Amino acid sequence: MKRNSCVRLRALPLVMAMSLAMVLTVFVTGCSSSSSSSKSTSKKASEKIELVHKGKLTVASDLANPPFDYMEGTTKKGFEVELMDALAKKLGLTVNYLNPMKFDSIIPTVKQGGKADVGASNFTITADRKKEIDFTDAYIDSNQGIVTSKATASSVGSDVNVLNKSGVTVAVQSGTTGESWVEENLPNAKVVALDDPISALSGVSTGLYNAAVADLPVMQYEVKNSYTSLSVAKEIATGEQYGIVVSKDNPALTKALNKALKQLRKDGTLSTFEKKWFGVDYEAQSASAAATSTTTNGDAGSVVVSKATARPNEDGGDRVIGGINTRLTWEATTKVEDGVSSVTLKLPSDASFEGSTTKVTVLKGLTRVNIDGKATAKGNTVTIKFASPIPNGSLLRLEITDMKFPNQGGKYQVTGSYTTAAGVKGTLPASAKIKTISNTPVQQIVMWLDGQPWVTAWNSVPFLNMFFKPQLLVTSFVSLFGGWVLCLLIVVISYPFAIALGLLFAMMKISRFKVLRGLASIYINLLRGTPLFLQIYIMFFGLPMIGINIDNNVLGVIVMAINSSAYQAEIYRAGILSIPNGQYEAAASLGMNRAQTMFTVILPQMVRRVIPTVTSDFITSYKDTSLLSSVGVMELMMFSKNLTTTTGNITPYMAAAIYYLIVTLPLIKVVSIVEKHLADAENGVGPRPRGRAAKRVEAAEGEKGESAEQDAEPKDTSAFEALAAPFRSHASQEA
Amino acid sequence: MKSFMKSGAKELEVPPAMDAEEAARKAYEHDQGLTKHTFKPGEHPIVRIEHLNKTFTDTPVLRDVNLDVWNGEIVVVLGPSGSGKSTMLRCINMLETPTAGHILIEDQEITGSKKTDVNKLRRDLGMVFQGFNLFPHMTALENVMVGQVKVLKKPKEEARVEALKQLKAVGLADRADYKPPQLSGGQQQRVAIARAVAMHPKVILFDEPTSALDPELVRDVLNVMRDLALHSGMTMIVVTHEMDFARDVADRVVFMEGGVVVEQGLPSEVFDHPKAQRTKEFLGHIR
């Protein structure tokens, strides 16, 4: 019997591995075959629009960005909702909104296909996102807005750097332009990335966060309608544009949507919607801004460089790493009456501009002027020629993707020159220094992986690419490490408190006093009867409201401890009640009082019985720390969510899964070992004590001999003495 | 929550405890000839049960039980199951709270005492349970030590020596480091006896100590008890079904049925010449 079970045990991992491999193979082949079939159809689909449901345009959205898209009761409302409806009508379709999804899951959903045709949720058109999916033409221009309490609004409005301090928390929506703006421009502040802009505003209104940065129209709408205690402190001219997300496999749909969009713009529908929802006709504004033309006077004028930053790399945390592609953002205000027709940016010779993907944003005030630019990269310089001259007094932003700083890192300045429309040349003043750090080993691994043929082959399978992209797996592991450590810290620190509180409430629950029992019942039932998620929200938004400001991580520990304590109180109570009455009676008959009975007889036995259940609860708590990501505690899920939102790839979640399993699998094993041990102990199976018992017999005999005839037999005495050595003084007194 | 922690059952109308001298004199006269115990002049009973009543939710289990036990006496309580023997025993050390009546240990009233006093009085009353009730997380040695250390506040080493002595007395010195689940039922019960004896109580109560044991293990336990009865000089009240043990060891046999003491006397008298009809039936039934 025993040998059998042993063989079975040894064979188990092998069987499991085999079955897992089989499942995976089926899955992968299944996926690749389906994807190849979808690819073959997509070739045909270049002329034909592919739809998930026939005659319906299925839209994925988070529906949490009023006035763009939101839920009022069960009806979907907003500018975008009406726009999608109008677009669908133009295509001869009816619109079908899916239930609200998390923002970070919309792009992967559209990309994978089968669930939604398009994604519409204030998606700013970015080069990164374009790698994963297609965008339609922009349907609206937008900016970002900083919202603070009314009291601090004016100081922030006059100088944003008030927020650029440690100890300041700024809430953003994870994976948005607002988030990267804060990371780039307020590096000293703590960024808290949340699921939607509304929770960011809630946090600011309760005092949990100092400011929130999100899409300006959303902010304006909310401040006017719901969060009246707040105000938009500053508008940040980002000149971003929103587009509709479409799968790359469905180019016909993108084309059709673009065509419909053009029609809506032309026939004034778009203007009507804008007036209805924002009270402003953005279309007319940008048209008038573009119309401001200049007359030539041949003056070179000047250009004031206001900013030059590079985007932190994914695995460098908030730092820019040399030797890998990043994005350079350069901003300047032109004071050239003739207008600027081209700009050449220059970096030190060891930096390089590789691609020519450059985004040009021209803003007059807060209004975007549509001017295209064509970039030509050459070594350490890049020249951007504009389709039409940049009007005088406008803010020019150039975002150059695919550029690299030197491997060794350092501080770099952007210099260069510009040409006016009249052909006059001017020199650009040097920008502020951009700090970069040297290339990391991780990045070298990624670059090595990039060059491996098997990696390319692996990534060509859509399933593997989406879930297990090797490069992303490597960077994810590094980026997630901090989050994992925080998860562990939170649960490890909170657990002793949870145990202590749990014991306290378990004792209260079995107390003789009605009041204590009642209090414990209320505590336990309230906590067990409500979701942890809700408790987190109440604590994080509620405590600052009543003037208690605690560090987010500490608050996380507190919430986890309190939540877990309720479950543990029940575990302990059940454990105590499972101890047979005879144990109490035996203790009582020895004359023990209640406390002695509890601490020497009942609790030690209870502890043994509850170890497996408590370990399971520990595993649950550890996993539940993921819920803290919803209020911006930078734990494991938070990091993976951010990475997934920026990359549109699921791999970071897989890395997170591995991080969770690293802890949970050994613990699960421990539970099963402990359970077996306990069962053995209860049945009297298991090793018998050896050696010591025999000595005790001798010792007992020695003791007897001693009392009979003092020191008669030295041999016996020595045996006794050997045993009693640590207690010699007592023993000799006794004798 | 646990039954032994409950208190305050409704009081019945019961005459107050008698004057101690008067009661002792009456008991002395009454018990003369009923027991092998050799009385000393002016001796007071060590355990005195007076008009003891116990009712479990309207079911009377003990009805006006009166019994005196003398210092050093071995009293064996017999009777069919449900006769109230165990309940009477459990009332003596307050594991059950009497509904009415008085129990005096060395003239000190135990019923209606404060909790702390009860704990103190219980030190003088050892108890051996039918189900052993050893502490499973402690070794045999620790089981025997724990009461001495926690309750009597003896130094650990002193308690260890005493515990080893008692384990040796019950023939289990070589099992000192075993945990209860690793011991047989008979061995566990012997450890339980050692645990009770190590506290040096004035009275030791045995609640059907062999009923949960396999027949072949009963003998060892009975031998230990017999040894204890003959050599320790400790007062013992034993509830059991072991007739031979009762006949050999008891100073007095008490026969109970229906919550009442039906008959008591010398073992030879009760076994060979039972007076009450129910005693006759019971003993006839057993044989």
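All of the points below concern the structure found in this document. (Residues numbered from 1 in each chain as written. Chains lettered and ligands numbered in written order. Predicted model: local features only at pLDDT ≥ 70, side-chain atom pairs only at ≥ 80, totals over all residues. Heavy atoms only, no water.)

**Describing the overall build of chain A**
Scanning chain A for helices and strands turns up 25 helices and 26 strands. Within chain A, the proportion of its 735 residues that are buried is 50%. Long-range pairs, those at least 24 residues apart, make up 74% of the contacts in chain A with a sequence separation of at least 6. Working note: accessible area of chain A is about 33,800 Å², and carbon and sulfur atoms make up 60% of it. (Helix = DSSP H or I, 4+ residues; strand = E, 2+ residues; numbered from the N terminus. Buried < 20%, exposed > 50% of the residue type's maximum accessible area, 1.4 Å probe, protein only. Contact = heavy atoms within 4.5 Å. Areas by Shrake-Rupley, 256 points an atom, 1.4 Å probe, with all protein chains shown as cover.)

**Digging into helix 20 (residues 594-624) of chain A**
Residue and element names in this part refer to chain A. Its 31 residues give helix 20 an end-to-end C-alpha distance of only 37 Å, which falls more than 12% under 45 Å, the value for a rise of 1.5 Å per residue. At Val610, helix 20 is bent by approximately 50°, the largest bend along its length, and proline Pro612 sits one to four residues beyond. Capping of helix 20 at its N-terminal end is provided by Asn593; its side-chain oxygen lies 3.2 Å from the backbone amide nitrogen of Ala595. (Expected span 1.5 Å × (residues − 1). Bend = angle between axes of the 7 residues up to and from the residue. Polar contact = N/O pair within 3.5 Å; in protein donor to acceptor, adjacent residues only side chain to side chain.)

**Brief notes about a nonpolar patch on the surface**
Residue and element names in this part refer to chain A. A grouping of Phe481, Val485, Leu489, Ile493 and Phe497 is seen on the molecular surface, where their side chains present a nonpolar patch of about 450 Å² in accessible area. With respect to the helices, strands and loops of the structure, Leu489 is situated in helix 15 (residues 470-509). You can call Leu489 partly exposed: its relative accessible area is 43%. (Patch = residues over 30% accessible without salt bridge, like charges linked within 9 Å, V, L, I, M, F, W, Y side chains within 5 Å. Salt bridge = Lys/Arg side-chain N within 4 Å of Asp/Glu carboxyl O.)

**What about the nonpolar core?**
Ranked by size, the top nonpolar core spans 71 residues in total, and within it Val47, Ile49, Met88, Ile92, Phe135 and Ile237 of chain B carry the most contacts. When residues of this core are assigned to their parent elements, the largest contribution, ten residues, is made by helix 20 of chain A. In this view, Val47 of chain B contacts Leu67, Asp68, Val69, Ile92, Leu104, Ile105, Val203 and Ile237 of chain B; residues no more than four positions away in its chain are not counted. Core analysis: the next-biggest nonpolar cluster, separate from the first, contains 51 residues, Ala159, Leu172, Met234 and Phe271 of chain B among them. (Core = buried A, V, L, I, M, F, W, Y, C linked by side-chain atoms within 4.5 Å.)

**Focus on the pattern of salt bridges**
Counted according to the given criterion, the structure contains 30 salt bridges over all chains. With its nearest N and O atoms 3.6 Å apart, the salt bridge here joins Asp85 of chain A to Lys89 of chain A. Of this pair, Asp85 of chain A and Lys89 of chain A both sit in helix 2 (residues 79-90), separated by four residues, roughly a single helical turn. Between Arg160 of chain B and Glu157 of chain B there is a salt bridge, and its shortest N-O distance comes to 3.0 Å. Placement of the pair is Arg160 of chain B and Glu157 of chain B together in helix 5 (residues 156-169), with a separation of three residues, close to one helical turn. For the residue pair Arg160 of chain B and Glu157 of chain B, the accessibility class agrees, reading buried in each case. What you see here is one network of salt bridges that share partners, running through Glu22, Arg25, Lys26 and Glu29 of chain B.

**Considering helix 1 (residues 20-31) of chain B**
All names here are of chain B. End to end, helix 1 covers 16 Å across twelve residues, agreeing with the expected 16 Å (1.5 Å per residue, within 8%). All of the buried residues along helix 1 are Ala23, Ala24, Ala27 and Asp31. An end-on view of helix 1 places all buried positions within 100° of arc, on one side of the element. In helix 1, the exposed residues that point more than 90 degrees away from the buried face are Glu21 and Glu29. Residues of helix 1 that are buried sit in contact with strand 1 (47-56), strand 2 (59-69) and strand 9 (252-257). (Arc of directions from axis to C-beta.)

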